[in-house]
Amino acid sequence: MEKSIIELLESKIQGKVSSTREFREFYSVDASSYKIIPKIIVIPKNESDIINAVKIAKKRKISITVRGAGTGLVGSALNSGIILDMKNFSSIRLDKNYARVESGVIKGNLDKKLEASKKFFPPNPSIGSFCSVGGMLGNNSSGSRSLKYGSVIDNVKEITFIDGNAKKIILPKNKTIAKQIKKIITNIELERFPKVSKNSSGYRLDKIKTEKDVHKTIIGSEGTLGIILSAKLEIKNKPKKQILIIIEYESVIKAAKNCLEINKTNPSAIEFVDKTTFDQIKYKFNKKSKCLLFVEYDEKINLNEKKIRKITTGNIVKKLQTQEEIAKWWKYRDSSLHYSLKSIKKENRIPHIIEDAAVPLEKFPKLFLILNKINKKYKTKSIVYGHAGNGNVHVRLISKRSGNQIIKKIAIEYFEEILNLGGTITAEHGDGLARSEFIKKQYGSKNYKIFKKIKEYFDPDNILNPGKIITSKSTVIRNLEKF
Ligand SMILES: Cc1cc2nc3c(=O)[nH]c(=O)nc-3n(C[C@H](O)[C@H](O)[C@H](O)COP(=O)(O)OP(=O)(O)OC[C@H]3O[C@@H](n4cnc5c(N)ncnc54)[C@H](O)[C@@H]3O)c2cc1C
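Scope of this entry: the structure provided in the associated data block. Bear in mind that the values here come from a model prediction, so they are computed numbers and not experimental data.

Quick notes on the rules
- Residues numbered from 1 in each chain as written.
- Predicted model: local features only at pLDDT ≥ 70, side-chain atom pairs only at ≥ 80, totals over all residues.
- Heavy atoms only, no water.
- Helix = DSSP H or I, 4+ residues; strand = E, 2+ residues; numbered from the N terminus.
- Contact = heavy atoms within 4.5 Å.
- Polar contact = N/O pair within 3.5 Å; in protein donor to acceptor, adjacent residues only side chain to side chain.
- Disulfide = S-S within 2.5 Å.
- Near = heavy atom within 4 Å.
- Areas by Shrake-Rupley, 256 points an atom, 1.4 Å probe, with all protein chains shown as cover.
- Nonpolar A, V, L, I, M, F, W, Y, C, P; charged D, E, K, R; others polar.

### A closer look at the environment of Thr65
Point 1. Relative to the assigned elements, Thr65 resides in strand β3 (residues 64-67).
Point 2. Each C-alpha atom, one on Thr65 and one on Lys157, is 24 Å from the other, the two residues being 92 residues apart in sequence.
Point 3. Not counting residues within four places of it along the chain, the set of residues in contact with Thr65 comprises Ser76, Ala77, Asn79, Ile82, Ile83, Leu84 and Asn465.
Point 4. One polar contact links Thr65 to Asn465, side chain to side chain, over a distance of 3.5 Å.

Written out as structure tokens, the structure is:
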């Protein structure tokens, strides 16, 4: 008699294999509003375990979805087949300008190790120390300092991964595959890619200028093209000095307009928070204040301070220069999601669907006008915070009478407006279950066909995280468990 999938996995895998109810429940959720119960959990011990798991998944036609720390906000790491937890892949090796990091490394552990050598890896998601490097690579994550230093995709030199054929590949080292990728993307329509400084939607084929860039195909691919074993990350010297300036504004539109001017002074961050966040800060802001900008510089401190005083249209309330003070105020900003959840009754929360769009900075004020229009039409309210320097805001919608259909309608309408402004439906959180069905609209049919060819090349049997990025089904509402 043929062995069951679990028996087969147990006979070939040295790590853990489990299908107990507790394990399946644990891996059925992440930080999103979705829930999908997987069949089997595999925690590989080594590279051969991953190769064997992919071989078995391929042979038995069951999906295999890699998971990091499960902090993703749109269900990217949830699926129904095998879930592969990379937590045993936790080694870090530091060179002068690079860190060779396995994908299960938790970001906080990497930060600590780099800190000791006065170095840092620039992309800094607000989730802080809790996400994994694999998840950051999978989503092409970023954070406040991506304004100056770019997203993950701009800070990686090499990727080692196992594709859907169970083959180990190192890119851009493998010249044959590099050439093949270049060939597949020959007719890509670059003009259909959003004109924004950060984008985590679809496959980032626009970033491939030469064969040296082909590893960027895998970054942001949400585990749909390969299971990343390790990456060579570019690390930088920690800045010697920083200054964080907090500015209050009586109008959100005024603050949004000011971002364009402030951005010309090369700050390391321009972040936005609305009243929900600043009401939690122990400081007496002006009663008329509607929002704050956090503006950080990590070079030419005195000169930049003079510049910002000249160009700001708001009121500077704080100038922070010690590490302790700066860290304390960044914590307020990083807690915005927590503060927003705290302030909304559970039954009035609308799941994350439109929480991560970005538009070109010169169109940034318009994004708030679109939100006002949506709130009026659907009788919703919104809490807003985010990476203003990148034209990227996180929106938390509140409604007393929401239903699944409203969520989908709002998503269709909001994304339509974002695309009209030349923006992206997701700047850093990825497509996952919430946005994959909108990718064709984002990039057009011709580019979408090229995305499909890339998927078929690395994963011809569609076993790697199926239904994400390439999908013919609508997944925005299905599996919204906690809603
Ligand atoms: C409070 C809060 C704040 C956040 N702030 C930010 C922010 O500022 N910026 C930001 O970018 N994100 C933010 N996020 C979203 C999320 O934390 C990041 O995207 C994070 O990098 C995901 O990492 P993870 O390890 O949890 O990934 P998971 O959720 O486990 O996985 C994410 C995706 O990556 C894939 N993946 C995981 N490991 C691998 C691997 N080894 N190989 C290939 N693919 C892999 C998964 O299949 C999945 O598609 C926030 C989330 C929360 C809850």
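Now that the structure is up, let's keep going.
### Looking at the state of the cysteines
Point 1. Summed over the entire model, instances satisfying the criterion amount to zero disulfides.
Point 2. A disulfide-free cysteine, Cys259 has its sulfur positioned 8.6 Å from the sulfur of Cys291, the nearest such atom.

### A word on the site of the ligand
Point 1. By nearness alone, 35 residues border the ligand, and Val66, Thr71, Ser126, Ser132 and Ser142 come closest of all.
Point 2. Backbone polar atom of Ile228 to a nitrogen atom of the ligand: 2.9 Å apart, as the coordinates give it.
Point 3. Note that a nitrogen atom of the ligand is positioned 3.0 Å from one of the side-chain N or O atoms of Glu428.
Point 4. About the coverage of the ligand: the protein hides 95% of its 980 Å² of free accessible area.
Point 5. Taken together, the elements giving at least two residues each to the shell around the ligand come down to β3, α5 (133-139) and β10 (226-234).
Point 6. Grouping the constituent residues of the shell around the ligand by class yields 13 nonpolar, 19 polar and three charged.

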